Amino acid sequence: MTAKEEVLKKMHYIGLNALRTKFLDFFESQDHTRLESFSLVPDNDPSLLLINAGMAPLKAYFLGEKKMAHDRATSAQRCVRTADIDNVGKTARHATFFEMLGNFSFGNYFKTEAIHWAWTFLTEVIGLDPQRLWITVYQDDDEAYRIWTEEIGVATAQMLRLGKDDNFWELEQGPCGPCSEIHYDRGPAYGEGADPTENSDRFMEIWNLVFTQFNREADGSYTPLAHPNIDTGMGLERLALICEDKPNIFELDEFMPLRRTIAGLCGKEYGDDERVNESFRVIIDHSKAITFLVWDGVVPSNEGRGYVLRRLLRRAARHGRLLGIDGAFLTRTVDEIIAVYGEEYPALQDARERIHTVVSREEQAFAQTIDQGLALLNELMDESDAAGSDVLDGARVFRLYDTFGFPFDLTKEIAAERHKSVDEGDFKRRMEEQRERSRTRRKETSGWETEEQVHVALDEATVFLGYDTLEAEGEVLALLRDGEEVDDLHAGEHGIVILNQTPFYAQGGGQVADRGTMTQGDAQADVVDVQKDKNEVVFHTVDVTEGTLTKKAPIAGHVDADRRNDTRRNHSATHLLDEALREVLGDHVKQAGSLVDPERLRFDFTHFEALTPEQIEEVEAIVNRAIFDSYPVTTQVLPLAQAMDEGAIGLFEDKYHDEVRVVSMGDFSKELCGGTHVDNTAQVQVFRILQEQGVSSGVRRIEAVTGRAAYRLMREQDDQIDSIARFLRVPRENVEGRLQGLLDENRDMKREIASYEARIADALSKKMAEETVEIQGATVIARRADGKSMNELKDLADALKNGRDDCLIALASAAEGKVYWVVSVASALVERGLKAGDLVKALAMQTGGNGGGRPNFATAGGKDPEKIDAALASVNEWVEEKLS
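Please read these numbers as outputs of a predicted model, since none were measured by experiment.

A.B. asks: For this particular structure, what's the right way to read the overall build of the protein chain?
C.D. replies: A tally of regular secondary structure across the protein chain gives 26 helices and 35 strands. What you see for the protein chain is a C-alpha radius of gyration of 37 Å, clearly larger than the 29 Å of a compact globule of 884 residues, by over 25%. In the protein chain, which comprises 884 residues, the proportion classed as buried is 49%. Within the protein chain, contacts between residues at least 6 apart in sequence are counted, and of these 67% link residues at least 24 apart.

Put into structure tokens, the structure is as follows:
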């Protein structure tokens, strides 16, 4: 038996899925709460784009905001990290997707238990050779060193004390502490070196035990924590690599079917050469990340986590092309990933169709741009070579991105393969210039003077009274004209009024501003816009209609009640719509934006395809059912963590305060929202969807109306039906039948006309066929058929061919002052040099036009019908010249 076989026998070979189960089982037996993997999309953590570590979803427990049974937990958390994406495929260890095994203590146990359990699991449960395990500790952590050497019995020769850079986890401020790393000696087959500091490939780190026992203060000092925590992390794939004795994570036995699938698609084998290996590794890794990201509701886009997915998809697709794979293929690799992980994540099977749809659409969209983009990029790099430069022009790279949609990251990666860089500074400058132009356009069209333009020394938030009343009195703190503070505003003037409190809702959260009036004695002003700054100071834009407004005096505000009521109906309807979409389409649906005004509501949401008519009808029915069920609408101000625990939905991008306003509609909907709403869903009255459309990749939009606007819409539709009934001279209830009858009559008449035209065309074609000219074995028909459209000329040309393989046909038509040309050439004549595209271009140019087409068929247009006869007379001469 070989040394390798002896090692594997001792470890009693354990695969990826079995390792995960053994780890969770072991720590569950130690009274740890067994957690299911959290979604890759963070829940209420704006600091993270994607979950990138096992402890990331557990921050609230480490901070003491939440409690867990026994104050200890274990998980196998799916993670995505893209910081080293450019190295994926180039090395044996870099990956974007991985599972992190971890055990955690929230002020419960500490170093002794963490170290003993780690050693027991590795040496007894898994069966790793203790002689191959090396331990590193922080240089000043005498406690951890003692536990390892005296209690566990690790030889001092296999213990290393290292400094802060290696064995101390900390940020600039906050909880921190020393850590202890466990390394496994894979043997001399993986290189020379005496310990983990000399060869990390041979001495591979597999487990990191972090002992969070200090708080780093602002001055850099360390204060001991009253309740230290334990946070450990071990890469599942790395552990499997050791247990299967594989050189890298891409060669694990579980991924053999995936490697075979890729090999079958490209005709190459993993191991053929390093370039092939790199592409195999990229596709394997990215297929995992793609599958789980889409399952967790991420859709491709140009920003945020959607851009991460798009980049992974396009990078994998490009490496497929480098391997020679023709066409879309990623749904095949996705299926292999589902086969590997479906046991632990059975819901992946249910999401297969949705994952396929998202992946295939993005891959197809990329295929439409990559060829043109690659051609332009290669041209740019060739020009760079000719100029002796290793830096690509930022302006040209920006044009690739802005005009042709070629990803900047992909440009950098491809350029690096030819040892070139990109003028990234110039590219970023141009991007910022483009954003500034967009901001300027928005500023020019908004009519709102931003806080940068307004000069007033106020930083105390305006108190909003509008949740409870539409009329209230406040004190005028400041008046502004043209952005400058003034003492008064006179009739006919436009300005801004700032109050200490107001019933007017300032635009925000997708809801437009209130309008109304202000009165101060005999003075009156129309409120035409309401905005607020970052300090929650509310700016009322007014047109003074009577008298003079003065500051440091009371003023009464009157909100337009009809406008507010229409707006709040629409706002409440967006909450109902949000929930209805999730019921019909799935939990991957997330709000991507909204606009609520008195006339209608607009709701953007993440979804990968257009809704079917049946889905739209179902969504509309669910919303209306919630309206008819008359759910009470209640609001609460709660701590953010409590609101999330109770299931309130919020936008990931929004930055919430410690306390948030929660709007609940019975048990149907619960969302974080600062807008105004009805008191009962019945007040929404009725909900009608106007249209559903796409606004960007992976984002759909629904526009709808409620209340009075919905009534007006139904009234208009009724009036239209009445008008149609009068026009058709039938009772309203007979309109549909009468229209169907007219459509049937129209269809029959079209058939008769088509039959008549076909008979005429047949007669005309027979007449023309009798008037042919034979030129060196070619039958030439060059005739005029005025009044015929381009399509009719094409049909006539087809009729004239009638299976003949020696015919050249040139037809012209003068219709409505235009000239139409159709040329058809038999394949046998094409081989002799007669090309339809060449002839039609020559004919069209004689009649003031241009055109072209395929060698056997082409069309063109012209402007001068009087020159048709002369052009047709030139056909025979053109044929003789070409055949000679």
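Further notes follow.
A.B. asks: Just checking my understanding: could you explain a negative patch on the surface for this structure?
C.D. replies: Where like charges cluster on the molecular surface, the negative patch consists of Glu-583, Glu-614, Glu-617 and Glu-618. The element best represented in the negative patch is helix 18 (residues 613–628), accounting for three residues. Structurally, Glu-583 is set in helix 17 (residues 561–585). Of the residues examined, Glu-583 reaches a relative accessible area of 45% and is grouped as partly exposed.

A.B. asks: Is there a simple way to think about helix 9 (residues 274–295) in this case?
C.D. replies: Two residues of an α-helix separated by three or four positions point the same way, owing to the 3.6 residues in each turn. Between its first and last C-alpha atoms helix 9 spans 32 Å; for 22 residues at 1.5 Å apiece the expected length is 32 Å, and the two agree. Buried residues dominate helix 9, accounting for 20 of its 22 residues. A distance of 3.0 Å separates the backbone nitrogen of Arg-275 from a side-chain oxygen at the start of helix 9, and that oxygen is part of Asp-273. Directly beyond the C-terminal end of helix 9, a positive phi value near 95° is found at Gly-297.

A.B. asks: Just to check I follow, could you spell out the pairing of strand 9 (residues 222–235) for this structure?
C.D. replies: For a regular strand, side chains alternate in direction, first toward one face of the sheet and then toward the other. Judged from the four bridges that link them, strand 3 (residues 97–105) and strand 9 form a sheet pairing that is antiparallel. Across the sheet, the residue bridging to Phe-104 is Asp-231, located in strand 9. Here strand 8 (residues 203–216) pairs with strand 9 via eight bridges, running antiparallel. Note on strand 9: the bridge partner recorded for Asn-208 is Gly-233.

A.B. asks: Quick question: what am I supposed to make of the nonpolar core here?
C.D. replies: What tends to happen in soluble globular proteins is that the nonpolar side chains get buried as a cluster. Counting residues in hydrophobic clusters, the biggest one holds 111 residues, and the most contacted among them are Trp-148, Trp-207 and Tyr-341. With 10 residues, helix 9 is the single largest residue contributor to this core. Residues contacting Tyr-341, with those up to four places away along its chain left out, are Leu-16, Arg-20, Phe-97, Glu-99, Glu-237, Phe-255, Lys-288, Phe-292 and Leu-348.

A.B. asks: Explain the sheet that holds strand 23 (residues 591–596) to me, please; I cannot follow it from the model alone.
C.D. replies: Note on sheets: strands pair through backbone hydrogen bonds, and any given pair is parallel or antiparallel. Read from one edge of the open sheet, four strands run 23-24-29-28, paired in antiparallel fashion. If you trace the sheet from one side to the other, it starts and ends with strand 23 and strand 28 (687–696), each paired once. Ignoring which end each strand starts from, the neighbouring axes of this sheet average 15° apart. Bridge count for strand 28 against strand 29 (residues 699–706) is eight bridges, and the pairing is antiparallel. The residue of strand 29 that forms the bridge with Gly-694 is Arg-700. Running over the sheet, helix 20 (residues 707–728) touches strand 28 and strand 29 and is turned about 85° from strand 29.

A.B. asks: For this particular structure, what's the right way to read the packing of helix 10 (residues 304–322) against helix 13 (residues 352–386)?
C.D. replies: The relative placement of two packed helices is expressed as an angle between their axes plus a distance between the axes. Relative to each other, helix 10 and helix 13 sit at 65°, their axes nearing to 10 Å. Classified by chirality, the crossing of helix 13 by helix 10 is right-handed. Within the contact between the two elements, helix 10 uses Arg-310, Leu-313, Arg-314, Ala-317, Arg-318 and Arg-321 and helix 13 uses Val-359, Glu-362, Glu-363, Phe-366, Ala-367, Ile-370 and Asp-371. Each residue belonging to the contact of helix 10 with helix 13 can be placed in one class, and the counts come to six nonpolar, no polar and seven charged.

A.B. asks: Sorry, what's going on with the sheet that holds strand 30 (residues 773–775) here?
C.D. replies: A sheet is described by the order of its strands in space; here six strands give the open sequence 30-31-32-33-35-34, paired in mixed fashion. Of all strands in the sheet, those bounded by a partner on one side alone are strand 30 and strand 34 (850–853). Neighbour-to-neighbour, the strand axes of this sheet turn through a mean angle of 15°, independent of strand direction. In this structure, strand 32 (residues 807–815) lies alongside strand 33 (residues 818–825), joined through eight bridges in antiparallel fashion. When the bridges of strand 33 are listed, Ala-815 appears paired with Lys-818.

A.B. asks: What is the right way to look at the packing of helix 10 against helix 15 (residues 408–417) in this model?
C.D. replies: Direction vectors running N to C along helix 10 and helix 15 enclose 35°, while the axes themselves pass 10 Å from each other. Judged by the twist between their axes, the crossing of helix 10 over helix 15 is right-handed. Two secondary-structure elements touch here, helix 10 through Tyr-307, Arg-311, Arg-315, Arg-318 and His-319 and helix 15 through Asp-409, Leu-410, Glu-413, Ile-414 and Glu-417. Residue composition of the contact of helix 10 with helix 15, grouped by class: three nonpolar, one polar and six charged.

A.B. asks: How should I be thinking about the pattern of salt bridges in this particular structure?
C.D. replies: Pairs may arise between side chains of opposite charge once their charged atoms sit close together. In total, this model carries 55 salt bridges according to the counting rule given. The residue Glu-28 makes a salt bridge to Arg-34 at a minimum N-O spacing of 2.9 Å. Using a relative accessible area of 38% as the deciding quantity, one classes Glu-28 as partly exposed. The exposure class of Arg-34 is partly exposed, given its relative accessible area of 34%.

What counts, and at which threshold
Residues numbered from 1 in each chain as written. Predicted model: local features only at pLDDT ≥ 70, side-chain atom pairs only at ≥ 80, totals over all residues. Heavy atoms only, no water. Helix = DSSP H or I, 4+ residues; strand = E, 2+ residues; numbered from the N terminus. Rg over C-alpha atoms; globule rule 2.2 N^0.38 Å. Buried < 20%, exposed > 50% of the residue type's maximum accessible area, 1.4 Å probe, protein only. Contact = heavy atoms within 4.5 Å. Patch = residues over 30% accessible without salt bridge, like charges linked within 9 Å, V, L, I, M, F, W, Y side chains within 5 Å. Areas by Shrake-Rupley, 256 points an atom, 1.4 Å probe, with all protein chains shown as cover. Salt bridge = Lys/Arg side-chain N within 4 Å of Asp/Glu carboxyl O. Lys, Arg positive; Asp, Glu negative; His and termini not counted. Charge placed at Lys NZ, Arg CZ, Asp CG, Glu CD. Expected span 1.5 Å × (residues − 1). Polar contact = N/O pair within 3.5 Å; in protein donor to acceptor, adjacent residues only side chain to side chain. Pairing = 2+ DSSP bridges. Core = buried A, V, L, I, M, F, W, Y, C linked by side-chain atoms within 4.5 Å. Axes fitted to C-alpha atoms, helices over the stretch in contact; angles between N-to-C directions. Left-handed = near helix turned anticlockwise from the far one by under 90°. Nonpolar A, V, L, I, M, F, W, Y, C, P; charged D, E, K, R; others polar.

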